[in-house]
Amino acid sequence: FMLSEKSAIHNASVKIPSGIGYETSHQLLLDLRFVSITPSNLSSEIKTKVYQNFQLLPQDLQPLPTNITATSISYSRSDKNVYLAGNEYRSLDIRDVHYVSTNVRSSKLVDGEYFLLLNPDTDRSSLPYSSAYDYNGKMIIAGLSSSNPDSDCDYYNVLFSLGSQFLGNKFDVYVEGELSGWSSTNANRMMYNNKTSCYELPLILKQGFYGYRYVVR
């Protein structure tokens, strides 16, 4: 277990940078104000750690303070704390097999089992900046017409597909998120299909909403 005490008030936001990289990056604005503690040296006693998509950023990418007073630290400046925005999780909505979400190409019922074929995902590095709410790789078990998701929801056979002109067929590619236990193992490693020129992975998933990403090792 963990005990915590509200010793500081924070104000954080993410925005499109105004300088170089505005099409592929986002910027963290963060201000801390201390209400119940009085550190003797804020710069050495207070450590701020930033996670992106549940992963701790390396030390050279941790935010740098731009202004320090006796009771506050600011990490907000137009040319600081800018991070690449191309690694957000993708989303999959399979709360109902009869409700076709944007990335489901088709669904079939075979011998009492549902099989969902997803549209091939593609590289997004050249797309313009966009912002959308997501669950950062988490999964939510839910059905559109279910009052008790844990017992009422069905399982679907889902085929993930990734096509990218930059990868070829020589890499280890994984589908990663809470659905894979946040790890890269043989259970979620994709296989390259020469006929479709895509990396593919079949998974059995319960009805719900899933965040996922592709990891290249």
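Just so it is clear, the structure is predicted and the values come from calculations on it, not from any experiment.

1. Side note on the nonpolar core
One finds L92, I94, V158, F160, M190 and L205 to be the most contacted residues of the largest nonpolar core, which totals 23 residues. Elements supplying a minimum of two residues to this core: strand 8 (90-94), strand 10 (113-118), strand 12 (155-162), strand 13 (173-176), strand 15 (198-206) and strand 16 (208-216). L92 has contacts with N103, V104, L118, V158, F160, L205, G208, F209, Y210 and Y212, leaving out every residue within four places of it along the chain.

2. So, the confidence of the model for the chain
Mean pLDDT over the chain works out to 83, with 93% of the residues at or above the 70 mark. Across the chain, element-level confidence peaks in strand 15 with a mean pLDDT of 95 and bottoms out in helix 1 (residues 42-45) with 76.

3. Some remarks on unusual backbone geometry
Positive phi outside glycine occurs at N81, with the angle close to 55 degrees. Mapped onto the elements, N81 comes out in the loop between strand 6 (72-74) and strand 7 (82-84). In this structure, S197 is a non-glycine residue whose phi angle is positive, near 60 degrees. Of note, S197 is situated in the loop between strand 14 (191-193) and strand 15. Looking at S197, the relative accessible area reads 42%, which means it is partly exposed.

4. Some points on the sheet that holds strand 10
Note: strands within a sheet are paired through backbone hydrogen bonds, in either parallel or antiparallel orientation. In space, the five strands of this open sheet follow the order 9-10-12-15-14, with mixed pairing throughout. Every other strand in the sheet has two partners, leaving strand 9 (104-110) and strand 14 as the edge strands with one partner each. Each neighbouring strand pair of the sheet contributes to a mean axis angle of 30 degrees, computed without reference to strand direction. With four bridges joining them, strand 10 and strand 12 adopt parallel strand pairing.

5. Regarding the pattern of salt bridges
All told, the structure shown has five salt bridges when counted by the stated rule. A salt bridge links E176 to R213; the nearest nitrogen and oxygen atoms lie 3.0 Å apart. Placement of E176 in strand 13 and of R213 in strand 16 is noted, with a sequence separation of 37 residues between them. Taking the relative accessible area as the measure of exposure, E176 reaches 3% and is therefore buried. Judged by relative accessible area, which is 11%, R213 ranks as buried. With its nearest N and O atoms 3.4 Å apart, the salt bridge here joins E176 to R217. In this pair, E176 sits in strand 13 while R217 sits in the segment after strand 16, placing the two residues 41 residues apart along the sequence. Residues joined by salt bridges that share partners form a network here, namely E176, R213 and R217.

6. Thoughts on the environment of N81
Assessed through its relative accessible area of 9%, N81 is described here as buried. Separated by 64 residues in the primary sequence, N81 and S145 place their C-alpha atoms 43 Å from one another. For N81, the residues in contact, after removing those within four places along its chain, are H26, Q27, L28, P63, L64 and Y75. Within the structure, N81 has its side chain in polar contact with the backbone oxygen of Y75 (distance 2.5 Å).

7. Let's talk about the side chain of K206
Counting through the fold element by element, K206 comes out in strand 15. Taking the relative accessible area as the measure of exposure, K206 reaches 13% and is therefore buried. Apart from residues lying up to four places away in sequence, K206 is in contact with I94, I141, P149, D150, S151, C153, D154 and Y155.

8. Observations regarding the packing of aromatic side chains
This model, assessed by the stated rule, comprises five aromatic pairs. Here the aromatic rings of F160 and Y212 are separated by 5.0 Å at their centres, their planes lie at 75 degrees, and the arrangement is edge-to-face. Of this pair, F160 sits in strand 12 while Y212 sits in strand 16, placing them 52 residues apart in sequence. Across this residue pair, the class does not change: F160 and Y212 are buried. Geometrically, the ring pair formed by Y192 and Y199 is edge-to-face, given 5.0 Å between the ring centres and 70 degrees between the ring planes. Residue classification places Y199 among the buried positions, given a relative accessible area of 3%. An aromatic cluster is defined as three or more aromatic residues linked by ring pairs; in this entry it consists of F160, Y212 and Y214.

Rules and cut-offs
- Residues numbered from 1 in each chain as written.
- Predicted model: local features only at pLDDT ≥ 70, side-chain atom pairs only at ≥ 80, totals over all residues.
- Heavy atoms only, no water.
- Core = buried A, V, L, I, M, F, W, Y, C linked by side-chain atoms within 4.5 Å.
- Buried < 20%, exposed > 50% of the residue type's maximum accessible area, 1.4 Å probe, protein only.
- Helix = DSSP H or I, 4+ residues; strand = E, 2+ residues; numbered from the N terminus.
- Contact = heavy atoms within 4.5 Å.
- pLDDT = per-residue confidence, 0-100.
- Pairing = 2+ DSSP bridges.
- Axes fitted to C-alpha atoms, helices over the stretch in contact; angles between N-to-C directions.
- Salt bridge = Lys/Arg side-chain N within 4 Å of Asp/Glu carboxyl O.
- Polar contact = N/O pair within 3.5 Å; in protein donor to acceptor, adjacent residues only side chain to side chain.
- Phe/Tyr/Trp six-rings, centres within 6.5 Å; stacked < 30°, edge-to-face > 60°.

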